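# Fold and geometry: a report
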Amino acid sequence: MDRSTLAHALEAGRITGEVATPRENNLSHIHRFLNQERQFDFGVDLTRDWDYDSVFALMVDRAGLRPDPEFVEGVDTISTDRCIEALDKLAEAVGQVSRAGGRILFATGHPAGLLPVHMAIAAAAKAAGAVIDVRDHFIPVPEIGGDVRQIHNVWTWHQHGGSPHTHLAEPMHALLNDFAARGGSAPELVVADHGWAGAASSRGLRTIGYADCNDPALFVAEAQGQIEATIPLDDDVVPNLYAPLIDYVIGRAGLR
């Protein structure tokens, strides 16, 4: 799939372009991130001072929010070009690590939206030589309850018989602590979203993350040099709408 075909598909599916995430939600989340509220900090360690204006400018530049600061309510946007640029970085990293037989960890806090994306790319990476550690046991997350477990090579947080949506960092910390306690090697690449990606970045792991336009934490982490690339996109559309994105990344990575 070429870039222009992908761009059309992303905008037709409202993954980029005019998206469902409203402007007032985007602006509110900037404030909540700056207040370091749980579910909004994503476990990202701040290494410099940020204020509202600097984070807003970053989100305009990296995520593609509408640049008018007086626009406070209505339909907001995500940059198609920025999304594809970051997908190119994802494809390059996954292809490189897979062909070298390196370890990759995939994880999601949005199982109803992004889980199929991670699953498909993980399967292609594994077939091309990537090592994806498999655990036959679940890993407790005592701080918040529940446990982490894999669904087709992708880590999710499990609680009360389901895999809930979460932005918390605790599931990734529990997983990485378990790896270390059992003497396992750290992943050479983490492909994740939300608190899973933020926590990995705060522990110095090579990380690429997906983030919506109301998720400033990962864009800040990228600006601070902690995350290699943050992919701006609507992270909760109907999963089959991500099929062109999956096809593009796998093809671009040379994993067919």
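Our subject is the structure that appears above.
Everything in this summary refers to the structure shown in the same document. Keep in mind it's a predicted model, so treat the numbers as computed, not measured. (Residues numbered from 1 in each chain as written. Predicted model: local features only at pLDDT ≥ 70, side-chain atom pairs only at ≥ 80, totals over all residues. Heavy atoms only, no water.)

Moving on, we come to helix H6 (residues 170–181). Taking 1.5 Å of rise per residue, 12 residues should cover 16 Å, and H6 covers 16 Å from first to last C-alpha, within 8% of that figure. As for H6, its buried residues are in contact with strand S3 (104–107), strand S4 (139–140), strand S5 (147–151), strand S6 (154–158), strand S7 (189–193) and helix H7 (194–202). (Helix = DSSP H or I, 4+ residues; strand = E, 2+ residues; numbered from the N terminus. Expected span 1.5 Å × (residues − 1). Contact = heavy atoms within 4.5 Å.)

This brings us to the environment of Asp 235. Position of Asp 235 among the secondary structure elements: in the loop between strand S9 (229–232) and helix H9 (243–252). For the pair Asp 235 and Gly 204, spaced 31 residues apart in sequence, the C-alpha separation works out to 24 Å. Excluding residues within four positions of it along the chain, Asp 235 makes contact with His 110, Gly 113, Leu 114, His 194, Asp 212, Asp 215 and Tyr 242.

A word on the environment of Ile 132. Counting through the fold element by element, Ile 132 comes out in the loop between helix H5 (115–127) and S4. Along the chain, Ile 132 and Ser 98 lie 34 residues apart, while their C-alpha atoms are 9.8 Å from each other. Not counting residues within four places of it along the chain, the set of residues in contact with Ile 132 comprises Ile 104, Phe 106, Ala 122, Lys 126, Gln 150 and Asn 153.

For any pair of aromatic rings, geometry is given as the distance between the ring centres together with the angle between the planes. Counted under the stated rule, the structure contains 2 aromatic pairs. Ring centres 6.1 Å apart and planes at 10° place the aromatic pair Tyr 52 and Phe 56 in the stacked group. Taken together, the positions of Tyr 52 and Phe 56, both in helix H3 (residues 52–62) and 4 residues apart, correspond to about one turn of that helix. Residue Tyr 52 is classed as partly exposed on the basis of its relative accessible area, which comes to 24%. Ring geometry for Trp 155 and Phe 179: centres 6.4 Å apart, planes at 75°, overall edge-to-face. Note that Trp 155 is positioned in strand S6 and Phe 179 in helix H6, a separation of 24 residues in sequence. (Phe/Tyr/Trp six-rings, centres within 6.5 Å; stacked < 30°, edge-to-face > 60°. Buried < 20%, exposed > 50% of the residue type's maximum accessible area, 1.4 Å probe, protein only.)

With that settled, consider the environment of Gly 195. With respect to the helices and strands, the residue Gly 195 is situated in helix H7. Residues Gly 195 and His 167, spaced 28 residues apart in sequence, show a C-alpha to C-alpha distance of 4.7 Å. Setting aside residues no more than four positions away along its own chain, Gly 195 makes contact with Phe 42, His 167, Leu 168, Ala 169 and Met 172.

Moving on: the side chain of Gln 226. Following the sequence through the fold, Gln 226 ends up in the loop between helix H8 (216–223) and S9. Side-chain polar atoms of Gln 226 contact the backbone oxygen of Asp 45, separated by 2.9 Å. (Polar contact = N/O pair within 3.5 Å; in protein donor to acceptor, adjacent residues only side chain to side chain.)

Attention now goes to the packing of H6 against H7. Two quantities define a packed helix pair, namely the angle between the axes and the distance from one axis to the other. Put simply, H6 and H7 touch, their axes get as near as 7 Å, and they point 50° apart. Of the possible angle classes, the one that applies to H6 and H7 is oblique. Where H6 crosses over H7, the two elements pack in a sense that is right-handed. Facing H6, whose interface residues are Pro 171, Met 172, His 173, Leu 175 and Leu 176, H7 presents Gly 195, Trp 196, Ala 199, Ala 200 and Ser 202. Residue composition of the contact of H6 with H7, grouped by class: 7 nonpolar, 3 polar and no charged. (Axes fitted to C-alpha atoms, helices over the stretch in contact; angles between N-to-C directions. Parallel < 35°, antiparallel > 145°, perpendicular 65-115°, else oblique. Left-handed = near helix turned anticlockwise from the far one by under 90°. Nonpolar A, V, L, I, M, F, W, Y, C, P; charged D, E, K, R; others polar.)

Moving on, we get to the sheet that holds S7. The 7 strands lie next to each other as S4-S5-S6-S3-S7-S8-S9, forming an open sheet whose pairing is mixed. Looking along the sheet, the strands with just one partner apiece sit at the ends: S4 and S9. Each of S7, strand S8 (207–211) and S9 is contacted by H8, which is oriented at about 145° to S9, the strand it contacts most. (Pairing = 2+ DSSP bridges.)

Another aspect to go through is the state of the cysteines. Applying the stated rule across the entire model yields 0 disulfides. Cysteine Cys 83 remains unbridged, with the sulfur of Cys 213 as its closest cysteine sulfur at 12 Å. Of the residues examined, Cys 83 reaches a relative accessible area of 0% and is grouped as buried. Residue class for Cys 213 comes out buried when judged on its relative accessible area of 2%. (Disulfide = S-S within 2.5 Å.)

What follows is about the pairing of S8. Of all 5 residues that make up S8, 5 are buried, and the element is covered over most of its length. Residues Thr 207, Gly 209 and Ala 211 point to one face of S8 and Ile 208 and Tyr 210 to the other, with burial holding for every one of them. When S7 meets S8, the two strands line up parallel, connected through 4 bridges. By the bridge assignment for S8, Val 190 is matched with Thr 207. Following the backbone out of S7, through H7 and into the adjacent parallel S8, one traces a crossover that is right-handed. Sheet analysis places S8 next to S9, joined by 4 bridges and oriented parallel. Considered in S9, the bridge of Ala 211 is made with Pro 232. Chirality of the crossover, the property in question, places the unit of S8, H8 and S9 among those that are right-handed. (Right-handed = clockwise from strand over helix to strand, strands pointing away.)

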